Amino acid sequence: MNYSRIMEKHKQEKVSMPGWKRGVAIVDFVLRLIAAITAMAAAAKMATTEETLPFFTQFLQFSADYTDLPTLSSFVVVNSIVGGYLTLSLPFSIVCILRPLAVPPRLFLVLCDTAMMGLTMIAASASAAIVYLAHNGNSSSNWLPVCQQFGDFCQGTSGAVVASFIAAALLMVLVILSAFALKRST
């Protein structure tokens, strides 16, 4: 008698399992879409951030561009790759919505999301260090803060770095969400 109740409860859990897994998959899709937009926005903002200041004449000018610093150039490349990956991963997320108990697509997504989260964190952290130096300088290295002169450039790069950290945080939530869904299926 006790055994039959356990089996009945197990059957009910199996029947209700696709419902919450489908909900997790829908949240995964929405977060993936937001993260893709955020990563692409970070790359686009950094790539379009530049400022030119005239010095004494129109012929002598100082300019600040993201291509002046290799760290910021790699930031654009990494965030473009991550945004492209997130866009291309949307069909896998749709498969997880349609087939909530399918393990291979979710496992593929959790592995790739983890790698992309690491890349995003690396690029955002390195760029944050450069933006920090641009804002505050470093007196022991004789680096002067350039944000006093190039305010628009520094504001644009700071915004791009914040957007990249948001994309990394969303990827972290995606990894945790997928890992939780995988754990509950076993």
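The protein chain goes by CASP-like protein in an unreviewed UniProt entry, where it is assigned to Brassica napus. Per its UniProt entry, the protein chain bears the Subunit (unreviewed entry) comment "Homodimer and heterodimers."

K.L.:
What am I meant to see in the environment of Tyr85 here?
P.N.:
The residue Tyr85 is located in helix H2 (residues 70-88) in this model. With 49 residues separating them along the chain, Tyr85 and Ala36 place their C-alpha atoms 8.0 Å apart.

K.L.:
It is not clear to me how the UniProt feature "transmembrane region" (unreviewed entry) in the protein chain should be interpreted in this structure. Could you clarify?
P.N.:
The UniProt record marks residues 20-44, 72-95, 107-134 and 160-182 with the feature "transmembrane region" (unreviewed entry), using the residue numbering of this structure. Segment residues 20-44 splits into 100% helix and 0% strand. End C-alpha atoms: 36 Å apart. For residues 72-95, the end-to-end C-alpha separation is 35 Å, with 96% helix and 0% strand making up the annotated structure.

K.L.:
Mind showing me how you'd approach H2 here?
P.N.:
Side chains of residues three or four places apart in an α-helix project in the same direction, reflecting 3.6 residues per turn. The first and last C-alpha atoms of H2 sit 27 Å apart over 19 residues, in line with the 27 Å expected at 1.5 Å per residue. Within H2 the residues assigned to the buried category are Leu72, Phe75, Val76, Val78, Asn79, Val82, Gly83, Tyr85 and Leu86.

K.L.:
Could you clarify how one ought to interpret the layout of surface pockets in this entry?
P.N.:
Unoccupied space between atoms shows up once a probe the size of one water molecule is rolled over them. Taken as a whole, the largest pocket holds about 320 Å³ of empty space. Lining the largest pocket are 16 residues, with Leu69, Ile130, Ala134, Val146 and Phe153 sitting closest to its centre. Elements with a contribution of two residues or more to the lining of the largest pocket: strand S2 (61-65), helix H4 (104-136) and helix H5 (151-185). Of the residues belonging to the lining of the largest pocket, the class tally is 12 nonpolar, 2 polar and 2 charged.

K.L.:
Would you explain the environment of Tyr66 in this entry?
P.N.:
Within the secondary structure, Tyr66 is located in the loop between S2 and H2. Each C-alpha atom, one on Tyr66 and one on Thr49, is 6.7 Å from the other, the two residues being 17 residues apart in sequence. Excluding anything up to four places from it in sequence, Tyr66 contacts Met46, Ala47, Thr49, Leu72, Ser73, Val76 and Phe153.

K.L.:
Would you mind going over the packing of H2 against helix H3 (residues 90-98) with me for this structure?
P.N.:
Each pair of packed helices can be summarised by the angle the axes make with each other and by the distance between the axes. Running from N to C, H2 and H3 cross one another at 35 degrees; their axes reach a closest spacing of 4 Å. Seen from H2, the contacting residues are Leu86, Thr87 and Leu88; seen from H3, they are Leu90, Pro91 and Phe92. Per-class residue counts for the contact of H2 with H3 are 5 nonpolar, 1 polar and no charged.

K.L.:
What is the right way to read the packing of aromatic side chains from this model?
P.N.:
With the rule as written, the count across this model stands at 1 aromatic pair. A centroid spacing of 4.9 Å and a plane angle of 40 degrees characterise the contact between Phe92 and Phe108, whose relative ring orientation is tilted. Residue Phe92 is found in helix H3, and its partner Phe108 is found in helix H4; the two are separated by 16 residues along the sequence. For Phe92, a relative accessible area of 36% gives the class partly exposed. Its relative accessible area of 38% is what places Phe108 among the partly exposed residues.

K.L.:
Just checking my understanding: could you explain the pattern of salt bridges for this structure?
P.N.:
Pairing between side chains of opposite charge can happen when their charged atoms approach one another. The full count for this structure, using the stated rule, is 2 salt bridges. Between Arg32 and Asp113 there is a salt bridge, and its shortest N-O distance comes to 2.8 Å. Placement of Arg32 in helix H1 (residues 2-47) and of Asp113 in helix H4 is noted, with a sequence separation of 81 residues between them. Its relative accessible area of 0% is what places Asp113 among the buried residues. Here the salt bridges do not stand alone but share partners, grouping Asp28, Arg32 and Asp113 into one network.

Quick notes on the rules
- Residues numbered from 1 in each chain as written.
- Predicted model: local features only at pLDDT ≥ 70, side-chain atom pairs only at ≥ 80, totals over all residues.
- Heavy atoms only, no water.
- UniProt positions renumbered as here; feature names shortened; annotations may be inferred.
- Helix = DSSP H or I, 4+ residues; strand = E, 2+ residues; numbered from the N terminus.
- Expected span 1.5 Å × (residues − 1).
- Buried < 20%, exposed > 50% of the residue type's maximum accessible area, 1.4 Å probe, protein only.
- 1 Å grid on protein atoms, 1.4 Å probe; cavity = no way out; pocket = protein on both sides within 12 Å on 5 of 7 lines; lining within 4 Å.
- Points joined across faces, edges and corners; volume = space filled by probe spheres on them.
- Nonpolar A, V, L, I, M, F, W, Y, C, P; charged D, E, K, R; others polar.
- Contact = heavy atoms within 4.5 Å.
- Axes fitted to C-alpha atoms, helices over the stretch in contact; angles between N-to-C directions.
- Phe/Tyr/Trp six-rings, centres within 6.5 Å; stacked < 30°, edge-to-face > 60°.
- Salt bridge = Lys/Arg side-chain N within 4 Å of Asp/Glu carboxyl O.

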